[in-house]
Amino acid sequence: MTDPQAPGPGRRSYLEGVRVAAPIGVAALVFGLSFGVLARAAGMGRVAPVVMSVTTFAGSAQFAAVLLNLRYGPIGLSAATTFKGPWWRRALSAQLIVDESWAISQRDDGRLDRYLLVGAGLLLLVCWTIGTAVGAFAGDLVADPESLGLDAAFPALFLALLWPQVRERSRLLAALGGAAIALALMPFTGPGIPIVAASLACLVGARRPA
């Protein structure tokens, strides 16, 4: 006999997404603080950076405003069949797709777990927005995160997220191909273009049979 008070499978998956993303949430909070401080110093004021974090929610891509966000094209296509329901629910869920939530929600069969994605995305959105608000409104009262070495937190977390995704030969080849393209383009193109080109190559490689 099942317990009527026990959370259903969907709710458990949402909470699992929150649990898995918790360590990244701490880094997002600190990195958001850094973004708030930099945005304020760049003349964006206090409110605009917070609004941008809520509506754009693209982490490192916000530092380059638009160009780096192009990489979410391939990511969005890979998640397009994951969300169900009316258009407004799909639009709200899609807002939670960032690199970290997308990586966390990957399943062994190559599809995404939408519950993990939403749970992880919600936690990261809250942490990122709170960090931005603290940086924008109270940045003068806290130390520069880069002076504490915390600017290395996100690259380290990206590597940790990448490792489980490249255990299959086809995915490893796609990742190495994307990295090679990005490195080759960096000396000759503007910021963001190598990442966009690499993400497109990885998407094509991931869809090819092993």
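Shown above is the structure to which this text applies.
Okay, so let's go over this structure. Bear in mind that the values here come from a model prediction, so they are computed numbers and not experimental data. (Residues numbered from 1 in each chain as written. Predicted model: local features only at pLDDT ≥ 70, side-chain atom pairs only at ≥ 80, totals over all residues. Heavy atoms only, no water.)

1. A few points about the overall build of the protein
This is how the line gets drawn: Only DSSP runs of H or I reaching four residues or more are called helices, and only runs of E reaching two or more are called strands; each is numbered from the N terminus. Each residue gets one of three labels from its accessible area relative to the maximum for its type: buried under 20%, exposed over 50%, partly exposed in between, using a 1.4 Å probe on protein chains only. In what follows, residue pairs with any heavy atoms lying within 4.5 Å of each other are defined as contacts. Calculation of accessible area relied on Shrake-Rupley with a 1.4 Å probe; when residues are assessed, cover is drawn exclusively from the protein chains displayed.
When you go through the protein residue by residue, the secondary structure sums to nine helices and zero strands. The buried share of the protein, reckoned over its 210 residues, is 38%. At a minimum sequence separation of 6, the contacts of the protein that also span at least 24 residues come to 72%. With an accessible surface of roughly 12100 Å², the protein has 68% of that area assigned to carbon and sulfur atoms.

2. Observations concerning the nonpolar core
One recurring pattern in soluble globular proteins: nonpolar side chains tend to sit buried together. Applied cut-off: Residues belong to a common nonpolar core when they are buried Ala, Val, Leu, Ile, Met, Phe, Trp, Tyr or Cys residues joined through side-chain atoms within 4.5 Å.
Judged by nonpolar contacts, the single largest core of 18 residues is most densely connected at Phe83, Ile97, Leu117 and Leu124. Those elements giving two or more residues to this core turn out to be α1 (9-41), α3 (72-79) and α6 (114-138). Once residues within four sequence positions are removed from consideration, leucine 117 is found in contact with Phe83, Ser93, Leu96, Ile97, Ser101, Trp102, Ser105 and Leu112. Within the second largest apolar cluster, five residues are counted, among which are Phe31, Phe35, Met52 and Trp128.

3. Examining the packing of aromatic side chains
We apply this condition: Note on ring pairs: Phe, Tyr and Trp rings are taken, using the six-membered ring of Trp, and paired if centres are within 6.5 Å. Classes follow the plane angle, with under 30 degrees stacked, over 60 edge-to-face and the rest tilted.
Tallying each qualifying case throughout the model produces one aromatic pair. Ring centres of tyrosine 14 and tyrosine 115 lie 5.1 Å apart, and the angle between their planes is 80 degrees; this geometry places the pair in the edge-to-face category. Linking tyrosine 14 in helix α1 with tyrosine 115 in helix α6, this pair joins segments that are 101 residues apart in sequence. Residue tyrosine 14 is classed as partly exposed on the basis of its relative accessible area, which comes to 34%. In this structure tyrosine 115 comes out as partly exposed when scored by relative accessible area, which is 27%.

4. Quick word on the packing of helix α2 (residues 47-55) against α6
Filter applied, for reference: Whenever a helix is involved, its axis is fitted only over the stretch in contact; in every case the axis is a line through C-alpha atoms, and angles between N-to-C directions fall within 0 to 180 degrees. To sort the angles, those under 35 degrees are grouped as roughly parallel, those over 145 as roughly antiparallel, those from 65 to 115 as roughly perpendicular, and the leftovers as oblique. Any residue that is not Ala, Val, Leu, Ile, Met, Phe, Trp, Tyr, Cys, Pro, Asp, Glu, Lys or Arg is counted as polar, Gly included; the first ten are nonpolar and the last four charged.
Running from amino to carboxyl end, α2 crosses α6 at an angle of 170 degrees, the nearest separation of the two axes being 9 Å. The angle between α2 and α6 places the two elements in the roughly antiparallel class. Within the contact between the two elements, α2 uses Val47, Pro49, Val50, Ser53 and Val54 and α6 uses Leu125, Trp128, Thr129, Thr132, Ala133 and Phe137. Across the contact of α2 with α6, the residue classes tally to eight nonpolar, three polar and no charged.

5. A look at the side chain of glutamine 106
Looking at the element boundaries, glutamine 106 is found in the loop between α5 (99-104) and α6. Once residues lying within four places of it in the same chain are set aside, the contact partners of glutamine 106 are Arg111, Leu112, Gln165 and Arg171.

6. Things to note about the environment of valine 47
As for its placement among the helices and strands, valine 47 is situated in helix α2. Residue class for valine 47 comes out exposed when judged on its relative accessible area of 56%. The spatial distance from the C-alpha of valine 47 to the C-alpha of glycine 36 is 9.6 Å, given a sequence separation of eleven residues.

7. Notes on a nonpolar patch on the surface
Spelled out, the test is: What makes a patch is a set of residues exposed beyond 30% relative accessible area and free of salt bridges, joined within 9 Å when like-charged and within 5 Å when nonpolar (Val, Leu, Ile, Met, Phe, Trp, Tyr). When a carboxyl oxygen of Asp or Glu is within 4 Å of a side-chain nitrogen of Lys or Arg, the pair counts as a salt bridge.
There is a patch of nonpolar side chains on the surface, built from Leu29, Val126, Ile130 and Val134 and spanning about 290 Å² of accessible area. Of note, leucine 29 is situated in helix α1. Residue classification places leucine 29 among the partly exposed positions, given a relative accessible area of 34%.

8. Looking at the side chain of serine 101
Quick reminder of the rule: What qualifies as a polar contact is a pair of N or O atoms within 3.5 Å, subject to a donor-acceptor requirement within protein and to the restriction that residues adjacent in sequence count only when both atoms come from side chains.
Positionally, serine 101 belongs in helix α5. A distance of 3.0 Å separates a polar side-chain atom of serine 101 from the backbone nitrogen of valine 98. Leaving out residues up to four positions away in the same chain, serine 101 has contacts with Leu96, Leu117, Ala120, Gly121 and Leu124.

9. Looking at α2
Note the threshold: Think of it as the arc spanned by the lines of direction from the helix axis to the C-beta atoms.
Among all positions of α2, only Pro49, Val50, Met52 and Ser53 are buried. All buried residues of α2 fall inside an arc of 160 degrees around its axis, so they share one side. Turned more than 90 degrees from where α2 packs its buried face, Val47 and Thr55 sit exposed.

Geometry only, nothing functional implied.
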